[in-house]
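Here are the chains, one letter per residue:
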Amino acid sequence: MSQSTSEITDQMQKTVFKVTGMTCAACAAKIEKKLGGISGVSEANVNFAVEQASVVYNPHEVGAQDFWKQVKDLGYDVSFKKVELGVSGMTCAACASKIEKTLSKLPGIKRASVNFAVEKAVVEYNEEQLDLRDIKEAVSKLGYKAHNLEDTGAVDQEKEAREKEMKKQKFYFIFSAILSIPLVSYMFSELFPALQAVVPEIIFNQYFQLALATPIQFIAGWQFYEDSYHTLKNRSANMSVLIAMGTSAAYFYSLAVTFWGDLFGQQAVYYETGAVIITLIILGKMLEANAKGKTSEAIKKLMGLQAKTARVIRNGEELDIPVDEVEVDDVIVVRPGEKVPVDGVIIEGYSSLDESMLTGESVPVDKKAGDEVIGATINKHGVFKFKATKVGKDTALSQIVKMVEEAQGSKAPIQRLADVISAYFVPAVIVIAVLTFITWYFFLTPPAGFAPFTWALINFTAVLVIACPCALGLATPTSIMVGTGKGAENGILIKGGEYLEKAHKLNAVILDKTGTITKGEPEVTNVISLGNYKEDELLKIAASAEKGSEHPLGQAIVAGAKSKGIDVDDPDKFEAIPGYGIRVQLMGEEVLIGTRKLMQQQKIAYKDYENDIVELESQGKTAMLMAIEGKMAGIVAVADTIKETSHQAIQSLQKMGLEVWMITGDNHRTAQAIAKQVGITNIMAEVLPEQKAAEVKRLQKDGKSVGMVGDGVNDAPALAQADVGFAIGTGADVAMEAADITLMRGDLHGIVASIRLSRATMRNIKQNLFWALAYNTVGIPIAAIGLLSPVLAGAAMAFSSVSVVTNALRLKKFDPAG
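Analysis parameters
Residues numbered from 1 in each chain as written. Predicted model: local features only at pLDDT ≥ 70, side-chain atom pairs only at ≥ 80, totals over all residues. Heavy atoms only, no water. Pairing = 2+ DSSP bridges. Helix = DSSP H or I, 4+ residues; strand = E, 2+ residues; numbered from the N terminus. Patch = residues over 30% accessible without salt bridge, like charges linked within 9 Å, V, L, I, M, F, W, Y side chains within 5 Å. Areas by Shrake-Rupley, 256 points an atom, 1.4 Å probe, with all protein chains shown as cover. Salt bridge = Lys/Arg side-chain N within 4 Å of Asp/Glu carboxyl O. Phe/Tyr/Trp six-rings, centres within 6.5 Å; stacked < 30°, edge-to-face > 60°. Buried < 20%, exposed > 50% of the residue type's maximum accessible area, 1.4 Å probe, protein only. Lys, Arg positive; Asp, Glu negative; His and termini not counted. Polar contact = N/O pair within 3.5 Å; in protein donor to acceptor, adjacent residues only side chain to side chain. Contact = heavy atoms within 4.5 Å. Axes fitted to C-alpha atoms, helices over the stretch in contact; angles between N-to-C directions. Nonpolar A, V, L, I, M, F, W, Y, C, P; charged D, E, K, R; others polar. pLDDT = per-residue confidence, 0-100.

Colleague: Residues and numbers for the sheet that holds strand β13 (residues 351–354), please.
Modeller: Pairing is antiparallel in the open sheet, where three strands are placed in the order β14-β13-β16. With one partner strand each, in any of the chains shown, β14 (365–367) and β16 (378–379) form the two edges of the open sheet. For β13 and β16, the ladder comprises two bridges, and the chain directions are antiparallel. Residue aspartate 354 lies in a different strand from β16, and its bridge partner there is isoleucine 378.

Pasting the structure below:
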């Protein structure tokens, strides 16, 4: 790491950061001038060659974030490194909030997000300003441990750490439970005097109770004291502080009564209170950790899909090697029943593959030479060879795992409510507990048999114990984890909790026509001869003319001719006229193929055939006019057939209350014909690719929350503009990159399933938040007025977190497909 933040003087500091997007020295000069003009900056230097900026500044007046913002405002970008850290030692949401706040204050940190439910921190930072060691050290100073999840074996490391923690808590629980049993029998004998005859006399001995309670308090319960120390040292408070205060109050009060009770007239002790509370809370932590482990089962299941070995042909021999050793361009043999080890393209043979792990679709897909295969899919029948194109972290499965992990570690906007509440909750509870003690001790009369101090202390302890904010902190992230995992199992890849939340608010969906509603594979449907040419002869001329065209309609004509066994010639000259059509020289003749506009431009009469053109367009076909040597020769009609599932999926979206739009570059008549077939009444026709984002924005200005669905490169800007962008996974990589939700299936039922999943997840989150808030809202007053014993409060608190996670796990049974 370069030591970029160092003391220049007593007042000034220096920061260095990478700048991307500069194209020349003038860019550097512009940035340098702007940075130098910021108040508090004494010196700025931008080096174009190494794409680096260094700024000397007064940290009391300005900060690195201000420089990054200025660079972005100028149209450039600042390079940050993103790292995922596993964080162990957190006991509640307040711990996560504390770590997040501390990391966010470090110089060079752009963003820090800590998720208590998955014990993970995601940090974006400036590598020139600090390194990973600094970040880990900051976490360590708070009393927690951080490890890099991207390190080799980090997954196993994280699993080991979790299992070690589970074993430790299990030992402490058994240890505490054994010592607590006599104290519990004492507690019940006090509640039900008839039981006193069967309880051994030694259990009533205060010194015996002290001997049982002390190891529980200071061995099993030491973890709460240790965590409280680190928390209070950093001027914060969390669950451990509440537990340590409550149980310590009961323990030390009882200790004082045991040795000096006669001096202040007290005889009753409450050793069982602290001991049983600690035992129950440790049990709750065990159950919670176990339940939290289940929420991330989707990741484990995905990772378990990968093949362990591959049969590779090297030097003419077939070798079985670990999948990690497969290299790009290796030729791999796959036999029936085997998993495809990595991504690639079939070069020999054919088969049908089960791709349900990727798409959620159970019907096997036929594959032949030239078709792509995806790692972890299962070969059902034939033997084939394929060439590896993507291995390791570049495979589709690895990318899916990464996307799901990032989504599960992300925060949904609704979680901000819980984060804000948790930050202020513990200090507020301590104040309420102190007020409860003061009120009962000085102003209210305790029940018969209780001294004022004793009763005040019991209620003080009950308030502290009942008020743990754990359930509140787990309410959102656990549901997000299960929801995104469920999505992945059904071929729905969600980039983050934010998009899972946004999807339930959508009230309008724009569907791109080609490749989304339709198959995106146009076919020739009609060839109409208007002169002396036969249909096959006309198709040969059209296909030969279009041979050099990259347009999908032109390629469809070429494919149509070849499917009929017609030989296609090469044109002598080829000229594409964007938006109009093509002009070619073929066998010494000029051939024009295109739209009405092309014929008008070239002054070729076509009006006599307008009825034929309109008839074809009313059927949803694209009519391409053809002229040879300045005279109309024919019409070739091409149609992109509608996917079998489109109509049903669109009906489902409309039944869910969504306004469905179709967007296309086709003319209005063709667009209406397609829309009518699938039941869409809202149409955006004759929209150029660069205008699609503007159409999304237009609906947004009308107050609609818009989802955009597309599959092509030209859909990317519109996908990014939409509130939620959906990419059909069979489409272009750039569309998938710009989208917020990627559908691995190629049909619109994925949109329906995504929105259903979003609604179910948000419903689940709201249930969790309601019960977590209701639990504390109702529990604290009940404890304060003396209607809840500390032991019952401990039991309720311990199981509240488990109930929230269990409710989130109900989503695992939800079927997004309906």
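Right, picking up where we left off after that structure.
Colleague: Describe a nonpolar patch on the surface, listing the residues and the values that go with them.
Modeller: A cluster of nonpolar side chains, contributed by Val431, Val434, Leu435, Ile438, Tyr441, Phe442, Phe443, Leu444 and Phe453, occupies part of the molecular surface with about 850 Å² of accessible area. Top contributing element to the nonpolar patch by residue count: helix α13 (residues 415–442), with six residues.

Colleague: Just give me the short version of the packing of aromatic side chains, but keep the residues and values in it.
Modeller: A complete count under the given rule lists 25 aromatic pairs for this structure. Ring geometry for tyrosine 186 versus phenylalanine 204: centroids 5.8 Å apart, planes at 75°, classification edge-to-face. With tyrosine 186 in helix α5 (residues 154–191) and phenylalanine 204 in the loop between α5 and α6 (206–220), this pair connects stretches of sequence that are 18 residues apart. Residue tyrosine 186 is classed as buried on the basis of its relative accessible area of 9%.

Colleague: Describe the side chain of aspartate 227, naming the residues involved and giving the relevant values.
Modeller: Locating aspartate 227 in the fold gives a position in helix α7 (residues 222–233). Here aspartate 227 is buried and forms no salt bridge, its nearest opposite-charge partner lysine 98 lying at an N-O distance of 4.8 Å. Polar side-chain contacts of aspartate 227 include one of 3.2 Å to the side chain of threonine 91. Residues in contact with aspartate 227, not counting those within four places in the same chain, are Thr91, Cys95, Tyr144, Asn238 and Ser240.

Colleague: Talk me through the sheet that holds strand β6 (residues 109–115); I want residue IDs and the actual numbers.
Modeller: Taken together, four strands build an open sheet; the order of strands is β6-β7-β5-β8 and the sheet is antiparallel. Edge positions in the sheet fall to β6 and β8 (145–148), since each of these pairs with one other strand and no more. If you compare each strand with its neighbour and ignore which way they point, the axes differ by 25° on average. The sheet contact formed by strand β5 (residues 81–88) and β8 spans four bridges and is antiparallel. Each residue of the ladder has a partner; that of leucine 85, found in β8, is asparagine 148.

Colleague: Which residues make up the packing of helix α21 (residues 610–618) against helix α23 (residues 668–678), and what values go with them?
Modeller: Between α21 and α23, the shortest axis-to-axis distance is 7 Å and the interhelical angle comes to 35°. Facing α21, whose interface residues are Val614, Glu617 and Ser618, α23 presents Arg669, Thr670 and Ala673. Along the lines of polarity and charge, the residues of the contact of α21 with α23 split into two nonpolar, two polar and two charged.

Colleague: Any details on the confidence of the model for the chain? Residues and values, ideally.
Modeller: Here the chain shows a mean pLDDT of 84. Residues at 70 or above account for 89%. The lowest-confidence element of the chain is helix α26 (residues 733–738), averaging 57 in pLDDT; the highest-confidence one is strand β26 (residues 659–663), averaging 96.

Colleague: Tell me about the pattern of salt bridges, residues and numbers included.
Modeller: Applying the stated criterion to the full structure yields 26 salt bridges. Salt-bridge contacts for aspartate 512 lead to lysine 692; the nearest nitrogen and oxygen are separated by 2.8 Å. One end of the pair, aspartate 512, is in strand β19 (residues 508–512); the other, lysine 692, is in helix α24 (residues 692–701), with 180 residues separating them in the sequence. Taken individually, aspartate 512 and lysine 692 each receive the classification buried, so the pair is uniform in this respect. For glutamate 695, the salt bridge identified is with arginine 698, shortest N-O distance 3.0 Å. Pair noted here: glutamate 695 and arginine 698 are both in helix α24, with a separation of three residues, about one helical turn. The exposure class assigned to arginine 698 is partly exposed, which follows from its relative accessible area of 36%. Taken together, the salt bridges that share partners define one network made up of Arg596, Glu610, Glu617 and Arg669.

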